[in-house]
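# Remarks on the overall topology
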Amino acid sequence: MTLSLDGYFSTYFGFRVIFVHLVPCTSLVVLNVLLFRAMRTAQMNRRKLFKENRKTECKKLRDTNCTTLMLIVVVTVFLVVEIPLAVVTILHIISSTIVEFLDYRIANILILITNFFIMASYPINFAIYCGMSRQFRETFKELFIRSVVSNRNGASSRYSLVNGPRTSTNETVL
């Protein structure tokens with residue numbers, strides 16, 4: 001059994017659309033909706049806790065909501081840049097197998113633009129993490145900024161990446 005070149009590429013792009021674009025993006029949309037609903041429920045619970053003057057539990061719930069919101073934003077950015085590429089790929093499959101309607105000069109420009117936005121989303125995600133997560137900022141500073149300064153001075157880093165913080169005698173705390 002031999003597979004023609006057109007059959008091979010149709011199979012390849014079909015597999016790619018289903019397992020690289022549609023299934024992951026659909027799953028992420030569903031999970032994003034569920035996260036958003038859970039966050040709204042948690043906000044209502046937080047209001048109740050605030051009225052009952054249970055500030056410690058209210059603060060914990062707020063921190064959880066901030067993390068959930070950050071995850072929703074990051075996933076949304078991913079979907080915004082990934083879905084157009086899936087649409088162009090689907091249009092390519094339809095145009096090459098059923099009826100030819102796609103202007104490939106325009107399709108190539110669209111692919112270049114979507115790839116640019118995919119690459120631009122990486123620093124945007126980093127900015128989202130930095131802007132929305134105090135813990136991320138502190139960990140980033142600890143790992144990259146302070147370790148560079150302490151390594152210049154000849155001292156070992158304050159943290160062992162494997163085992164956590166070290167004591168004043170440079171032993172790793174277990």
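In what follows, the structure referred to is the one given above.
Just so it is clear, the model here is predicted, and its values are computed rather than measured.

Moving on: the packing of helix α1 (residues 5-51) against helix α2 (residues 55-97). Where α1 contacts α2, the two axes come as close as 7 Å, and the packing angle between them is 160 degrees. The orientation of α1 with respect to α2, classified from their angle, is roughly antiparallel. Between α1 and α2 the crossing geometry is left-handed. Its residues placed into classes, the contact of α1 with α2 shows 24 nonpolar, 12 polar and 6 charged.

A grouping of I83, V87, L91, I94, I98, V99 and F101 is seen on the molecular surface, where their side chains present a nonpolar patch of about 600 Å² in accessible area. Take I98: it is sitting in the loop between α2 and α3 (104-132).

Another point: the environment of C130. Secondary-structure assignment places C130 in helix α3. Those residues in contact with C130 that sit more than four places away from it in its chain are F136 and R137.

The subject of this paragraph is the pattern of salt bridges. Scanning all chains against the criterion turns up 1 salt bridge. The residue R134 makes a salt bridge to E138 at a minimum N-O spacing of 3.3 Å. Residue R134 and its partner E138 are located together in helix α4 (residues 134-152), separated by 4 residues, close to a single helical turn. Since its relative accessible area comes to 42%, E138 is described here as partly exposed.

This brings us to α2. If you check α2, its first and last C-alpha atoms are 61 Å apart, about what 43 residues at 1.5 Å a residue would give, namely 63 Å. The sharpest bend along α2 measures roughly 25 degrees and falls at E82, with the proline P84 sitting one to four residues further on.

Turning to α1, a few remarks are in order. Over its 47 residues, α1 runs 67 Å from end to end, which matches the ideal 69 Å to within 8%, given 1.5 Å per residue. In α1, a bend of some 30 degrees at L22 exceeds every other bend along the element, and P24, a proline, comes one to four places later. Within α1, burial applies to F13, G14, V17, H21, C25, N32, M39, A42 and L49. Where α1 is buried, its residues touch α2. Following α1 by one or two positions, N53 has its phi on the positive side, about 60 degrees.

Enumeration according to the criterion identifies 10 aromatic pairs in this entry. With 5.3 Å between their ring centres and 65 degrees between their planes, F126 and F140 make a pair best called edge-to-face. Note that F126 is positioned in helix α3 and F140 in helix α4, a separation of 14 residues in sequence. On the basis of relative accessibility, which here comes to 27%, the residue F140 falls in the partly exposed class.

Take the side chain of T114 next. Considering the arrangement of structural elements, one finds T114 in helix α3. Of the polar contacts made by the side chain of T114, one reaches the backbone oxygen of I111; its length is 2.9 Å. Ignoring anything within four residues of it in the chain, the contact list for T114 reads P84 and L85.

Rules used throughout
- In every chain, residue numbers begin from 1 and rise along the written sequence.
- The model is predicted, so local features are restricted to residues of pLDDT at least 70 and side-chain atom pairs to those at 80 or more, both for listing and for counting; the totals for chains, interfaces and linings are taken over all residues.
- As a rule here, side-chain values come from all non-hydrogen atoms in the structure, and water together with hydrogens is ignored.
- Each axis is a line fitted through C-alpha atoms, taken for helices only over the stretch in contact, and angles between the N-to-C directions span 0 to 180 degrees.
- Strands are runs of DSSP state E lasting at least 2 residues, helices are runs of H or I lasting at least 4, and numbering of each runs from the N terminus.
- Note on terminology: angles under 35 degrees are roughly parallel, angles over 145 are roughly antiparallel, angles of 65 to 115 are roughly perpendicular, and the others are oblique.
- With the far helix as reference, a near helix turned anticlockwise by less than a right angle produces a left-handed crossing, and one turned clockwise produces a right-handed crossing.
- Charged residues are taken to be Asp, Glu, Lys and Arg, nonpolar residues to be Ala, Val, Leu, Ile, Met, Phe, Trp, Tyr, Cys and Pro, and polar residues to be all remaining types, Gly included.
- Here the term patch refers to residues with relative accessible area over 30% and no salt bridge, with like charges joined within 9 Å and nonpolar side chains (Val, Leu, Ile, Met, Phe, Trp, Tyr) within 5 Å.
- All accessible-area figures derive from a Shrake-Rupley calculation using a 1.4 Å probe, and residue coverage is judged against the displayed protein chains alone.
- Basic side-chain nitrogens of Lys or Arg form a salt bridge, by our definition, when they fall within 4 Å of a carboxyl oxygen of Asp or Glu.
- When checking whether two residues touch, look at their non-hydrogen atoms; a contact exists if any pair is within 4.5 Å.
- Throughout this description, buried means an accessible area under 20% of the type-specific maximum (1.4 Å probe, protein chains only), exposed means over 50%, and partly exposed covers the range between.
- Expected span of a helix, by definition, is 1.5 Å for each gap between consecutive residues, and there is one gap fewer than residues.
- A residue's bend is given by the angle between axes fitted to the 7 residues ending at it and the 7 residues starting at it.
- Centre distance within 6.5 Å is the pairing criterion for rings of Phe, Tyr and Trp, where only the six-membered ring of Trp is used; planes under 30 degrees apart are then read as stacked, over 60 as edge-to-face, and the remainder as tilted.
- Polar contacts, as counted here, are pairs of nitrogen or oxygen atoms within 3.5 Å of one another; within protein the pair requires one atom able to donate a hydrogen and one able to accept it, and residues that are adjacent in sequence qualify only if both atoms are side-chain atoms.

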